[in-house]
Each structure stands twice: as structure tokens, then as C-alpha cells.
Amino acid sequence: MSLTPEQVLASHKAHLDTLFSLTSKAFEGVEKLVELNVTASRAALADAANHTQAVLGAKDAQELLALQANLFQPIAEKTAAYSRHLYDIASGTSSEFGRTFEAQAAEAQRSFSTLVDTAAKNAPAGTETTVAVMKSAVSAANSAFESVQKAVKQASDVAEANFNAVANTATNAAKSAAPRKR
């Protein structure tokens, strides 16, 4: 079976569309990351200026110690929030790439299955066993690929749950530690 020029052009066009789509998604992720960093830097600068003004305005050592003790809880909370936003950006971009990969893989599987079916229909008499073995191998490969996709999805879900648990634990620890310092 040979491909027609139209099929080759359509294939190239589809691959270019995918490439440009993925590039666009990557730039969107970078843009979100830059925006997050600018926002976090602006907030950190404002917090530092406010804290410096409060420290310079402290009347005595007791007030200075209270200001220092109260500084750490907001930093821990903001760090946890920054990490969460960073993870969301990375996860969202990764999901976009994953969906595109899955769609491309599914299309490749369909094309290959069609190719095998066409070859089977046009196979010479007496090659039925070979065709059946080939179809069985393709089916097994498709099943294995689907199993790997499911395992990767489960691992990703577990990693996200673990990240959320760690972030929540860190935030709660910072909240509970702050009142003890006062």
C-alpha cells in the first residue's frame, strides 16, 4: 500500500498543526510562570517594605521581637501558595502535552490498525496464520500501551495527592507554630 501525495500532505499538515499547538501551549505555560513570578516578587517587595517600616517604627525590644515572630507565618503561607500555583501551572501544561500525545498515539494506533487490516485483506492465500499472528501482536501492543497510559495517569494522580498533602501539612504546621512564638 502506498500513500498518495494528498495523504502525505495531510499528514505533514497535521504534524505541523500539532507542533504549533504544543509550542503555543509551552509559551502559555511560560507566560503564566512569568506572571506568577512578577506577582510574587511585587508582593514580596511590598511585604519587605512594610515589615522594614514596622521594624524601624518599633518602640522597644518587645515590639521588635513580636514583629519578627509574626513574620514567619505569612512567609510560610505565601511560599505554600506560590508552590501550589507553580505546581498548577506545570500540571496544566503537562496535561495539555499529555492530551496531545494521547490523541497522536490513538491516531497512530488507528492508522496502523487500518494498515494491518488492509494488508490482511490483500494477503495472498495461505497466509491466514501469519495475518492472525500479526493482528494478535497488534492487539497485544495496543493493550500494553493502554495499560501504560493508565499506570501513568494513576501515578500522576498519586503524585498530585501527595503534593497537596505535603502543602497542607506545611501550611498547617506554620499556622500552629506561629501562635506558640508569641
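As the structure is a computational prediction, the values presented were derived from the model and not from experiment. (Residues numbered from 1 in each chain as written. Predicted model: local features only at pLDDT ≥ 70, side-chain atom pairs only at ≥ 80, totals over all residues. Heavy atoms only, no water.)

**Focus: the overall build of the protein chain**
Step number 1: When helices and strands are counted, the protein chain shows three helices and zero strands.
Step number 2: From first element to last, N terminus to C terminus, the protein chain shows the α and β order α-α-α.
Step number 3: The C-alpha atoms of the protein chain give a radius of gyration of 28 Å, which is well past the 16 Å a tight globule of 182 residues would have.
Step number 4: C-alpha atoms of the protein chain, sized along the principal axes, occupy 100 × 35 × 10 Å.
Step number 5: By residue count, 9% of the 182 residues in the protein chain fall in the buried class.
Step number 6: In the protein chain, of all internal contacts separated by at least 6 residues, the share reaching a separation of at least 24 is 74%.
Step number 7: Accessible surface, the protein chain as shown: approximately 13200 Å² in total, 64% of it carbon and sulfur. (Helix = DSSP H or I, 4+ residues; strand = E, 2+ residues; numbered from the N terminus. Rg over C-alpha atoms; globule rule 2.2 N^0.38 Å. Buried < 20%, exposed > 50% of the residue type's maximum accessible area, 1.4 Å probe, protein only. Contact = heavy atoms within 4.5 Å. Areas by Shrake-Rupley, 256 points an atom, 1.4 Å probe, with all protein chains shown as cover.)

**Remarks on the pattern of salt bridges**
Step number 1: Applying the stated criterion across every chain yields a total of six salt bridges.
Step number 2: Between Lys25 and Glu96 there is a salt bridge; the shortest N-O distance is 3.8 Å. Highlighted residues: Lys25 in helix 1 (residues 5-56) and Glu96 in helix 2 (residues 61-121), separated in sequence by 71 residues.
Step number 3: Given a relative accessible area of 24%, Lys25 falls into the partly exposed group.
Step number 4: Notably, a salt bridge pairs Arg110 with Glu107, separated by 2.8 Å at the nearest N-O pair. Pair noted here: Arg110 and Glu107 are both in helix 2, with a separation of three residues, about one helical turn.
Step number 5: Given a relative accessible area of 39%, Glu107 falls into the partly exposed group. (Salt bridge = Lys/Arg side-chain N within 4 Å of Asp/Glu carboxyl O.)

**Overview of the confidence of the model for the protein chain**
Step number 1: Considering every residue of the protein chain, the mean pLDDT works out to 82; 93% of them sit at 70 or more.
Step number 2: The lowest-confidence element of the protein chain is helix 3 (residues 128-181), averaging 75 in pLDDT; the highest-confidence one is helix 1, averaging 90. (pLDDT = per-residue confidence, 0-100.)

**Observations concerning helix 2**
Step number 1: Spanning 61 residues, helix 2 covers 90 Å between terminal C-alpha atoms, matching the ideal 90 Å at 1.5 Å per step.
Step number 2: Where helix 2 is concerned, the buried positions are Ala69, Ala80, Ile89, Thr100, Ala105 and Val116. (Expected span 1.5 Å × (residues − 1).)

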